[in-house]
Amino acid sequence: MSPAPAPTPVAMPLAGDAAGEFLVLIPAFNEAQRLPNVLRELGTLKEPHRVVVIDDGSRDKTAERARDLGATVLRLPFNLGYGSALQTGYKYAHAAKASLVVQMDADGQHDPRFIPELIAPIRDGSADLVIGSRFARQTSYRMGWLHSLGRRLFQRVARVAGLHVTDPTSGLQAMNGSVLELYSGDFFPSDYPDVDVLLEAFRRGLRIRECAVEMRPGERPSTLHGGLRSFYYVYRLTLALWAGVRAGNTR
Amino acid sequence: MQDPAELEHLRELFLRAPESRATGILAIALSTCLLLTVLYLVRKRRLREEYTPIWITLALIMTVISLRLDLLRALTAAIGAWTPSSTLFFMGELFILWICLNYSIRLSRHTTQLKNLAQETAILRAHLQELSDRNAERDPRDG
């Protein structure tokens, strides 16, 4: 059997692109209705930034709406899943040598008011990755019992390894170039990145911090943590954690 | 409960029972068919050469077994099975399991490659858009 090929190099940035940019990455799938509001809210952000929307093979006008509102659009030819869409943004940002990246969801769940607080530790060099946590202090956000149970279980696993995070599944995060480089690798999951990804970053010596944020409840129930998928979630994460530990031991 | 000696005698009978001539002919015909189908698919460019060794090898093994059914009986005796047909089924199942795992590995690799390719396409498309926007800004008549 032939060995696995080396990861594909990502397209180089355009000549003249300003390195050290602050990019806001928003993966979106059929979000033509809600995305414009998120982009308008981002317009109130005082920090100079560029919004990059990753259209994950939407069948509606997500890409057109984003472009009309001035965002750079990375349009995937077909639906790859949340994780891969996010990774497309990381690869783009890494190739463009962005120094600061914030990722947030397209459904309006994340409030841009928290971004200055989120990026402060990256700006002052005290952290490589900052997670906007719903649970760093008590908030009004509610989630399903199985999701909650899985989260608690894997949080404990992370704690045993020495990583203290209260909200590993948060879609609101800020990161620097070192994290972008790591997250552009083939280990990054195609569905929802979770504590396995954070543990990999932690093992590589990246400094992870949390920042308490308020999140608005999602307008539609998340399909990821419902029904049979909840079991698959627990199964996949267990396997990913085991594989990560094995890879870490043999590295 | 059967007498062990009686059971052993019964097994010997199974092992020694000669296959009918039709069985041998059918086996040879099937293995030749497989071989010819593989060659035909390669010639029609519907099967890539790199995927053929496994099927050619299988066809050859089937041909050898068809011509030398005594080898199959020896193998049956060696692994402790009762009948050559159950040995064949067992080997067939092992082969199917192995090939499924093999194709899952290939699929996993191709999924990663496809994902990387799609991501690269999206990034390149964005760069192209940026370039054409810049050109349009520089010379609005071209826009």
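Reading the values: the criteria
- Residues numbered from 1 in each chain as written.
- Chains lettered and ligands numbered in written order.
- Predicted model: local features only at pLDDT ≥ 70, side-chain atom pairs only at ≥ 80, totals over all residues.
- Heavy atoms only, no water.
- Helix = DSSP H or I, 4+ residues; strand = E, 2+ residues; numbered from the N terminus.
- Rg over C-alpha atoms; globule rule 2.2 N^0.38 Å.
- Buried < 20%, exposed > 50% of the residue type's maximum accessible area, 1.4 Å probe, protein only.
- Contact = heavy atoms within 4.5 Å.
- Areas by Shrake-Rupley, 256 points an atom, 1.4 Å probe, with all protein chains shown as cover.
- Polar contact = N/O pair within 3.5 Å; in protein donor to acceptor, adjacent residues only side chain to side chain.
- pLDDT = per-residue confidence, 0-100.
- Axes fitted to C-alpha atoms, helices over the stretch in contact; angles between N-to-C directions.
- Parallel < 35°, antiparallel > 145°, perpendicular 65-115°, else oblique.
- Nonpolar A, V, L, I, M, F, W, Y, C, P; charged D, E, K, R; others polar.
- Arc of directions from axis to C-beta.
- Core = buried A, V, L, I, M, F, W, Y, C linked by side-chain atoms within 4.5 Å.
- Pairing = 2+ DSSP bridges.

## Some details on the overall build of chain B
For chain B, the count of helices and strands is five helices and zero strands. Seen in sequence order, chain B has helices and strands lined up from the N terminus as α-α-α-α-α. Scaling as 2.2 N^0.38, a compact globule of 143 residues should have a C-alpha radius of gyration of about 15 Å, whereas chain B reaches 28 Å, well beyond that. Across its three principal directions, the C-alpha atoms of chain B cover 95 × 40 × 15 Å. The buried share of chain B, reckoned over its 143 residues, is 23%.

## As for the overall build of chain A
When its secondary structure is counted, chain A shows eight helices and seven strands. In chain A, buried positions account for 53% of the 251 residues. Contacts in chain A between residues at least 24 apart in sequence constitute 77% of all its contacts with a sequence separation of at least 6. Looking at chain A as shown, the accessible area adds up to about 12000 Å², and 55% of this sits on carbon and sulfur atoms.

## Considerations on the side chain of S184 of chain A
All names here are of chain A. Tracing the chain through its elements places S184 in the loop between α6 (177-183) and α7 (195-203). Here the side chain of S184 touches L180 through a polar contact of 2.7 Å, landing on its backbone oxygen. Not counting residues up to four positions away in its chain, the partners in contact with S184 are Q87, Y90, K91 and H94.

## Brief notes about the confidence of the model for chain B
All names here are of chain B. Of the residues in chain B, 97% have a pLDDT of 70 or more, and the chain-wide mean is 88. Here helix α1 (residues 4-16) is the element of chain B with the lowest mean pLDDT, 81, and helix α5 (residues 84-138) is the one with the highest, 93. Under the prediction, the complex receives an ipTM of 0.81, its pTM being 0.80.

## Description of the packing of α1 of chain B against helix α4 (residues 69-79) of chain B
Residues and elements named next belong to chain B. Close contact between α1 and α4 brings their axes to 10 Å; oriented N to C, the two are set at 155°. Judged by the inter-axis angle, α1 sits roughly antiparallel to α4. Residues R11, L15 and R16 of α1 lie in contact with α4, whose contacting residues are R73, T76 and A77. Among the residues making up the contact of α1 with α4, the classes are represented as two nonpolar, one polar and three charged.

## Here we look at helix α4 (residues 115-123) of chain A
Residue and element names in this part refer to chain A. Regarding α4, the residues found buried are I115, L118, I119, P121 and I122. Seen along its axis, α4 keeps its buried residues to an arc of 145°; they face one direction. Of the surrounding secondary structure, the elements contacted by the buried residues of α4 are β1 (22-28), α1 (35-42), β4 (100-103), β5 (129-133), β6 (173-175) and β7 (208-212). Where α4 ends, the next residue or the one after it, G125, has phi of about 80°, a positive value.

## A look at the packing of α4 of chain B against α5 of chain B
All names here are of chain B. Put simply, α4 and α5 touch, their axes get as near as 9 Å, and they point 80° apart. If you check the angle between α4 and α5, you find them roughly perpendicular. For the pair α4 and α5, contact is made by L72, R73, L75, T76 and I79 and by P84, T87, L88, F90 and M91, respectively. By residue class, the composition of the contact of α4 with α5 is seven nonpolar, two polar and one charged.

## Overview of the nonpolar core
Residues and elements named next belong to chain A. With 41 residues, the main nonpolar core has L23, L74, Y90, V101, M175 and Y183 as its most contacted residues. No other element matches helix α3 (residues 82-95), which puts six residues into this core. One finds L39, V102, M104 and I119 within the second-largest nonpolar core, a separate group that totals 31 residues.

## Examining the side chain of S170 of chain A
With respect to the element layout, S170 of chain A can be found in the loop between α5 (145-161) and β6. Owing to a relative accessible area of 3%, S170 of chain A belongs among the buried residues under this scheme.

## Quick notes on the sheet that holds β1 of chain A
Residue and element names in this part refer to chain A. Taken together, seven strands build an open sheet; the order of strands is β3-β2-β1-β4-β6-β5-β7 and the sheet is mixed. Pairing within the sheet leaves two strands with one partner each, and these edge strands are β3 (72-75) and β7. With direction set aside, neighbouring strand axes in the sheet form an average angle of 20°. Here β5 pairs with β7 via five bridges, running parallel. Bridge assignment links G132 to a residue of β7, and that residue is C211. Strand contacts of α3: β1, β2 (50-55), β3, β4 and β6, with the helix running at about 155° to β1, the strand carrying the most contacts.

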